[in-house]
Amino acid sequence: MASLVIIKTGDAFPEVVDQHGDFEQLFIHRLHEALPEGVTLKVWDARLTATPPDDIVGAVITGSHSMVSEQPPWSEALKPWLRQALADNLPLLGVCYGHQLMAAAFGGVSDYHPAGRESGTRTVRLTQAGLKDPLFSQLPGHFDAHLTHAQSVMQLPHGATILAHNCHDAHQALRYGPRQWSVQFHPEFSPPVMRAYIERQRAALRDQGDDPDQLLSEISETPEATSLLQRFISFI
């Protein structure tokens with residue numbers, strides 16, 4: 001049977017896993033009701049095996065607490081697969097680590113952001129290209145999204161199109177081909193998951209001059225960002 005594959009690249013914090021599920025489960029929760037007949041969800045933990053499932057019709061690459069710039073061997077091993085998937089026009093959606101990994105695989109540079117970590121519910125704005133993009137065009141010109149990342153796409157791959165940005169990150173969403181996208185924000189996160197991440201990062205956020213309590217007070221639902229996941233399924 002045809003499979004939409006969730007490529008697992010890391011684990012969430014233990015308290016998130018215990019209360020809300022691991023990264024792949026957050027995606028499964030958002031995606032399963034929108035699957036077309038004849039398509040199932042499968043999880044490929046790329047840290048454990050380099051062999052993907054059979055009959056893949058699309059892939060979503062999860063976030064991770066690893067860093068793309070540190071080039072873990074399992075992560076480097078994914079890059080040729082991603083390049084072949086792009087050449088084959090396989091639908092792809094990278095999220096956070098997946099966003100940074102796709103950009104690096106296609107010739108860009110992902111590394112630590114000089115302004116530090118971005119966490120919380122932040123406003124993301126579409127570019128003119130984003131307003132016309134088949135995946136993003138049904139979104140409003142600006143919308144809220146959940147974010148937690150220390151690294152960013154610092155240099156675009158050749159041919160990539162910027163679809164969204166904000167005051168922290170010029171590359172919040174990118175398109176690489178007709179059915180290949182990536183986003184820095186987390187469309188799979190719920191407000192409780194975002195809250196748990198800020199609580200875990202209190203000291204680091206305070207050290208860089210952010211106010212964790214203010215970030216917690218600003219957490220909200222992000223229906224527009226979340227809708228991208230189900231809309232992506234229409235491209236498989």
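The sections below set out a description of the structure shown in this document. (Residues numbered from 1 in each chain as written. Predicted model: local features only at pLDDT ≥ 70, side-chain atom pairs only at ≥ 80, totals over all residues. Heavy atoms only, no water.)

Some points on the overall build of the protein
Looking only at helices and strands, the protein has 9 helices and 11 strands in total. Here the C-alpha atoms of the protein give a radius of gyration of 16 Å, agreeing with the 18 Å that 2.2 N^0.38 yields for 236 residues. Dimensions of the protein along its principal axes, counting C-alpha atoms only, are 45 × 40 × 35 Å. Taking the intrachain contacts of the protein between residues at least 6 apart in sequence as the baseline, contacts between residues at least 24 apart amount to 74%. A distance of 4 Å separates the average location of the 17 positive side-chain charges in the protein from that of its 27 negative side-chain charges. (Helix = DSSP H or I, 4+ residues; strand = E, 2+ residues; numbered from the N terminus. Rg over C-alpha atoms; globule rule 2.2 N^0.38 Å. Contact = heavy atoms within 4.5 Å. Lys, Arg positive; Asp, Glu negative; His and termini not counted. Charge placed at Lys NZ, Arg CZ, Asp CG, Glu CD.)

Here we look at the environment of Ala104
When you line up the elements, Ala104 lands in helix 4 (residues 97–105). When its relative accessible area of 16% is taken as the criterion, Ala104 is described as buried. (Buried < 20%, exposed > 50% of the residue type's maximum accessible area, 1.4 Å probe, protein only.)

Points about helix 6 (residues 191–200)
Turning to helix 6, its buried residues number three or more, namely Pro191, Val193, Met194, Ala196, Tyr197 and Ile198. In the core, the buried residues of helix 6 are packed alongside helix 1 (14–20), helix 2 (23–31), strand 6 (118–126), strand 7 (142–149), helix 7 (202–207) and helix 8 (212–217).

Description of the pattern of salt bridges
Applying the stated criterion to the full structure yields 10 salt bridges. Across the pair Asp11 and Lys8 runs a salt bridge, and its minimum N-O distance is 2.8 Å. In this structure Asp11 comes out as partly exposed when scored by relative accessible area, which is 34%. Through salt bridges with shared partners, a single network forms among Lys8, Asp11, Asp22, Glu24, Asp45 and Arg47. (Salt bridge = Lys/Arg side-chain N within 4 Å of Asp/Glu carboxyl O.)

Side note on the sheet that holds strand 9 (residues 161–165)
Hydrogen bonds along the backbone pair up the strands of a sheet, which may run parallel or antiparallel. Reading across from one edge, 2-1-3-4-11-10-9-6-7 is the order of the 9 strands in this open sheet, with mixed pairing throughout. The open sheet is flanked by strand 2 (39–45) and strand 7, the only strands paired with a single partner. Neighbour-to-neighbour, the strand axes of the sheet open up by a mean angle of 25 degrees, direction not taken into account. Here helix 2 sits on the sheet in contact with strand 1 (2–8), strand 2, strand 3 (56–61) and strand 4 (92–95), set at roughly 145 degrees to strand 1. Contacting strand 1, strand 2, strand 3, strand 4, strand 10 (173–177) and strand 11 (180–183), helix 3 (residues 73–87) crosses the sheet at an angle of about 140 degrees to strand 4. (Pairing = 2+ DSSP bridges. Axes fitted to C-alpha atoms, helices over the stretch in contact; angles between N-to-C directions.)

A word on the packing of helix 3 against helix 4
Helix packing for two helices is described by the angle between their axes and how far apart those axes are. Contact geometry of helix 3 with helix 4 gives a least axis separation of 9 Å together with a crossing angle of 65 degrees. Between helix 3 and helix 4, the crossing angle belongs to the class labelled roughly perpendicular. Crossing of helix 3 over helix 4 shows right-handed handedness. Facing helix 3, whose interface residues are Trp74, Ser75, Leu78, Lys79, Leu82 and Arg83, helix 4 presents Tyr97, Leu101, Met102, Ala104 and Ala105. The residue inventory of the contact of helix 3 with helix 4, partitioned by class, reads 8 nonpolar, 1 polar and 2 charged. (Parallel < 35°, antiparallel > 145°, perpendicular 65-115°, else oblique. Left-handed = near helix turned anticlockwise from the far one by under 90°. Nonpolar A, V, L, I, M, F, W, Y, C, P; charged D, E, K, R; others polar.)

Focus on the packing of helix 2 against helix 9 (residues 223–233)
Two elements in contact, helix 2 and helix 9, have axes whose closest approach is 9 Å; the angle formed by their N-to-C orientations is 70 degrees. Taken together, the axes of helix 2 and helix 9 are roughly perpendicular relative to one another. As helix 2 packs across helix 9, the resulting crossing turns out to be right-handed. Contacts from Phe27, Arg30 and Leu31 of helix 2 reach helix 9 at Thr226, Leu229, Gln230 and Ile233. Class assignment of the residues belonging to the contact of helix 2 with helix 9 gives a composition of 4 nonpolar, 2 polar and 1 charged.

Re the nonpolar core
Note on soluble globular proteins: their nonpolar side chains tend to be buried together. Formed by 30 residues in total, the largest nonpolar core has its most connected members in Leu4, Phe136, Phe143, Trp181 and Phe185. Element by element, the count of residues in this core is highest for helix 9, at 5 residues. When sequence neighbours within four positions are dropped, the list of residues in contact with Phe185 reads Val95, Cys96, Val124, Phe136, Phe143, Ala145, His146, Leu147, Gln172, Ala225 and Leu228. (Core = buried A, V, L, I, M, F, W, Y, C linked by side-chain atoms within 4.5 Å.)

Digging into the pairing of strand 11
By the alternation rule, side chains of strand 11 split into Gln180 and Ser182 and Trp181 and Val183, which are all buried. Note: strand 4 against strand 11, 4 bridges, orientation parallel. Looking at the pairing, Val95 lines up with Val183 of strand 11. Direction of pairing for strand 10 relative to strand 11: antiparallel, over a ladder of 4 bridges.

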